[in-house]
Amino acid sequence: MLKYIIPTMMLMPLTWLSKNSMIWINTTLHSLLISLTSLLLLNQFGDNSLNFSLTFFSDSLSTPLLILTMWLLPLMLMASQHHLSKENLARKKLFISMLILLQLFLIMTFTATELIFFYIMFEATLVPTLIIITRWGNQTERLNAGLYFLFYTLAGSLPLLVALIYIQNTMGSLNFLILQYWVQPMPNSWSNTFMWLACMMAFMVKMPLYGLHLWLPKAHVEAPIAGSMVLAAILLKLGGYGMMRITLLLNPITNFMAYPFIMLSLWGMIMTSSICLRQTDLKSLIAYSSVSHMALVIVAILIQTPWSYMGATALMIAHGLTSSMLFCLANSNYERVHSRTMILARGLQTLLPLMAAWWLLASLTNLALPPSINLIGELFVVMSTFSWSNITIILMGLNMVITALYSLYMLITTQRGKHTHHINNILPSFTRENALMSLHMLPLLLLSLNPKIILGPLY
Amino acid sequence: MLGLCGRRLLAVAATRGLPAASVRWESSSSRAVIAPSTLAGKRPSEPTLRWQEDPEPEDENLYEKNPDSHGYDKDPAVDVWNMRVVFFFGFSIVLVLGSTFVAYLPDYRMQEWARREAERLVKYREAHGLPLMESNCFDPSKIQLPEDED
């Protein structure tokens, strides 16, 4: 595990000690090399996890998330280069340090064995993200957004701390590898009900669950591009990952405790998809689309069947790449027009045709077109929820239709039609932007050739 | 498309008095023509075409000073190196070598072994007349239960 942590830590002296002209080159180069080494985690066994030490382990659930985390850092650096070009050098280096710190905490979160260590790192990821949103966001609303983000997550996770300490006292250990074998069925009582809620609420807020999702549109919209990318691609998945781990301890009361949350998610995914159809702000549309996709993941995790877990893991990875790409595309618009309003920069296909190709691919994967991994994830979830209860297929089907509607609406509004006269002299796409989009899309397309690595521990 | 970009860049160059095309070029596939501008060298008193309607004071056009900009940096040398680093390390090393690594992973999660082992066991059990699978996971005679406490 140190082979990931130490290079990531050393990226910090790399940024601070590089020559002024070389900071972006050095950090991008070395973070790409670190992402190459992350593929070594794929040496997974069929019946056990890859246990590095007493503190770190990685199994088939955390491996794809780790690879995604380490892949995203160079992409975040490339995406931020333009809007930071005006800042002074110390601020640029500080921004890069925040990204690296976030990466470090995320690596340690996904590989933590001790659940308290996981909790500490889970909370620690809030700090660099808050700094990135509130310091480098573009509008005054960013302060409110940071507040919502911080306090929603904190309020949800403080009960988790209490619950974890209680489990440590009763079970004797919070080491996840041991807990797997020591776990006893949890009898039904009022205190266990609250224990279940305490364990799960942190992750529900993070996912986010439909009723607790207010922080997400604010935070995603106000964050700078790197912040939006990491929020959408990884930080939401922390909730899914945590839920998958903690449900191990919470059986069998999950069978009935999960009902309100399944209902909220099933209804919420349709509501948020419908809200997407009414959005004028491009980033807000993508943020609500994230809520909708994550609601599918919540349903999948709560019904706890092998196929639904496979679908949840696949959907998390697929959504991470797709959503991050959509935010990068929205940012490429924003850097030219300085507005997030969709109709302000429309008809872009005639002006920027290659970027229109990326918009098309991103929208198609967002609406889960076969044979992308988005479809694999959604299909597994739809099938498993159908076997759990036949009626859910109506809601799932409706959600897929509305998802297709708003993805195509976003595509058509931004790309098709006559372009407005005031944007006919926007700059052509940079190589950097095209490289960024292809670095998002190519792993997504390659994974559809070999999806077994993202199907999680129940494959 | 090329003509469109070329004409736009030429217009930008012309209003800023930069040396524009010196030979006449006609596209064979479209009707695009790039001709030496009669305004070359002569700076107009006031630019008739601003490249933005409401320019942000701090907005910078990277293509202005460096028409071959890749979008990374103002300095053309750093820009080219950054582009090379991203493409070489991002695509040629990580995507290519990484996909090769993933494609040739040996028996991920022992699926192929499991299939072979299952076929071997079925063949053995059928040959020996044993049931293919027993409902008991462990041998019941070996399980020691605690004494009944009443």
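Residues numbered from 1 in each chain as written. Chains lettered and ligands numbered in written order. Predicted model: local features only at pLDDT ≥ 70, side-chain atom pairs only at ≥ 80, totals over all residues. Heavy atoms only, no water.

A separate point is helix α15 (residues 306-337) of chain A. Residue and element names in this part refer to chain A. With 32 residues, α15 ought to run about 46 Å at 1.5 Å a step, and its terminal C-alpha atoms sit 46 Å apart, in line with that. Burial analysis of α15 places 29 of its 32 residues in the buried class, the great majority of the element. In the segment just after α15, His-338 is the residue with positive phi, at about 55°. (Helix = DSSP H or I, 4+ residues; strand = E, 2+ residues; numbered from the N terminus. Expected span 1.5 Å × (residues − 1). Buried < 20%, exposed > 50% of the residue type's maximum accessible area, 1.4 Å probe, protein only.)

Once that is clear, we can look at the UniProt feature "domain: NADH:ubiquinone oxidoreductase chain 4 N-terminal" (unreviewed entry) in chain A. The sites that carry the UniProt feature "domain: NADH:ubiquinone oxidoreductase chain 4 N-terminal" (unreviewed entry) are, in the present numbering, residues 1-109 of chain A. Structurally, residues 1-109 of chain A comprises 65% helix and 4% strand, and the distance from its first C-alpha atom to its last is 12 Å. (UniProt positions renumbered as here; feature names shortened; annotations may be inferred.)

Right, let's talk about the side chain of A:Arg432 for a bit. You can see A:Arg432 is positioned in helix α20 (residues 431-447). Apart from residues no more than four positions distant in its own chain, A:Arg432 is found in contact with A:Met78, A:Ala79, A:Gln81, A:His82, A:Glu335, B:His70, B:Gly71 and B:Tyr72. (Contact = heavy atoms within 4.5 Å.)

All names here are of chain A. At a minimum axis distance of 9 Å, the contact between helix α14 (residues 282-303) and α15 shows a crossing angle of 175°. It follows from the interaxial angle that α14 and α15 lie roughly antiparallel. Taken together, the residues of α15 that come into contact with α14 (itself represented by Leu-282, Lys-283, Ile-286, Ala-287, Ser-290, His-293, Met-294, Leu-296, Val-297, Ala-300, Ile-301 and Ile-303) are Ser-308, Tyr-309, Ala-312, Leu-315, Met-316, His-319, Ser-323, Leu-326, Phe-327, Ala-330 and Asn-333. Looking at the contact of α14 with α15 residue by residue, the class counts come to 16 nonpolar, six polar and one charged. (Axes fitted to C-alpha atoms, helices over the stretch in contact; angles between N-to-C directions. Parallel < 35°, antiparallel > 145°, perpendicular 65-115°, else oblique. Nonpolar A, V, L, I, M, F, W, Y, C, P; charged D, E, K, R; others polar.)

Residue and element names in this part refer to chain A. Structurally, Ser-273 is set in helix α13 (residues 259-276). A distance of 2.6 Å separates a polar atom in the side chain of Ser-273 from the backbone oxygen of Met-269. Separated by 2.7 Å, the side chains of Ser-273 and Asn-399 make a polar contact. For Ser-273, the residues in contact, after removing those within four places along its chain, are Ser-292, Asn-399, Ile-402, Thr-403 and Tyr-406. (Polar contact = N/O pair within 3.5 Å; in protein donor to acceptor, adjacent residues only side chain to side chain.)

Our next topic: the domain arrangement of chain A. Residues and elements named next belong to chain A. Structurally, chain A comprises domain 1 (1-43 + 54-176 + 187-250) and domain 2 (262-458). Using only C-alpha atoms to locate each centre, domain 1 and domain 2 end up separated by 21 Å. Residue-level contacts link 44 residues of domain 1 with 44 residues of domain 2. Of the roughly 3800 Å² buried where domain 1 meets domain 2, counting both sides, 77% is carbon and sulfur surface. At the boundary of domain 1 and domain 2, one finds zero salt bridges. At the boundary of domain 1 with domain 2, the tally comes to nine residue pairs in polar contact (both at pLDDT 80 or more). (Domains from an automatic or database assignment. Buried area = accessible area lost by both parts, 1.4 Å probe. Salt bridge = Lys/Arg side-chain N within 4 Å of Asp/Glu carboxyl O.)

To continue, consider helix α6 (residues 126-136) of chain A. All of the buried residues along α6(A) are A:Leu126, A:Pro128, A:Thr129, A:Ile132, A:Ile133 and A:Trp136. On the buried face of α6(A), the contacting elements are α4 (89-111), α5 (115-124), α7 (142-171), α9 (190-206), α10 (215-222) and α11 (225-246) of chain A.

Moving on to the packing of α6(A) against α7(A). All names here are of chain A. Two elements in contact, α6 and α7, have axes separated by 8 Å at closest approach and are oriented at 165°. In this view, α6 runs roughly antiparallel relative to α7, as classed from their interaxial angle. Note that α6 runs across α7; the crossing there is right-handed. Facing Leu-126, Thr-129, Leu-130, Ile-133, Thr-134 and Arg-135 of α6, the residues of α7 in contact are Arg-142, Leu-143, Gly-146, Phe-149, Leu-150, Thr-153 and Leu-154. Looking at side-chain class alone, the contact of α6 with α7 contains seven nonpolar, four polar and two charged residues. (Left-handed = near helix turned anticlockwise from the far one by under 90°.)

At the junction of A:Met207 and A:Pro208, the peptide bond is cis and its omega measures out at -5° in the coordinates. Tracing the chain through its elements places A:Pro208 in the loop between α9 and α10. For the bond from A:Pro370 to A:Pro371, the omega torsion is -5°, close enough to zero to count as cis. Position of A:Pro371 relative to the elements: it lies in the loop between α17 (353-366) and α18 (373-388). The phi dihedral of B:Arg109 falls on the positive side, at around 55°, and the residue is not glycine.

Moving on, we come to the interface of chain A and chain B. Frequently, the measure chosen for interface size is the accessible area removed from exposure when the parts meet. On the chain B side, the residues contacting the 50 residues of chain A number 40 residues. Summed over both partners, the interface of chain A with chain B comes to about 4100 Å²; 66% of that surface belongs to carbon and sulfur atoms. The interface formed by chain A and chain B contains one salt bridge. Ionic pairing is found between A:Lys86 and B:Glu60, a salt bridge with its closest N-O pair at 3.1 Å. The interface formed by chain A and chain B holds eleven residue pairs in polar contact (both at pLDDT 80 or more) in total. Elements with a minimum of two residues in the side of chain A that touches chain B: α2 (23-37), α3 (62-80), α16 (348-351) and α20 of chain A. For the side of chain A that touches chain B, the class distribution of residues is 27 nonpolar, 19 polar and four charged.

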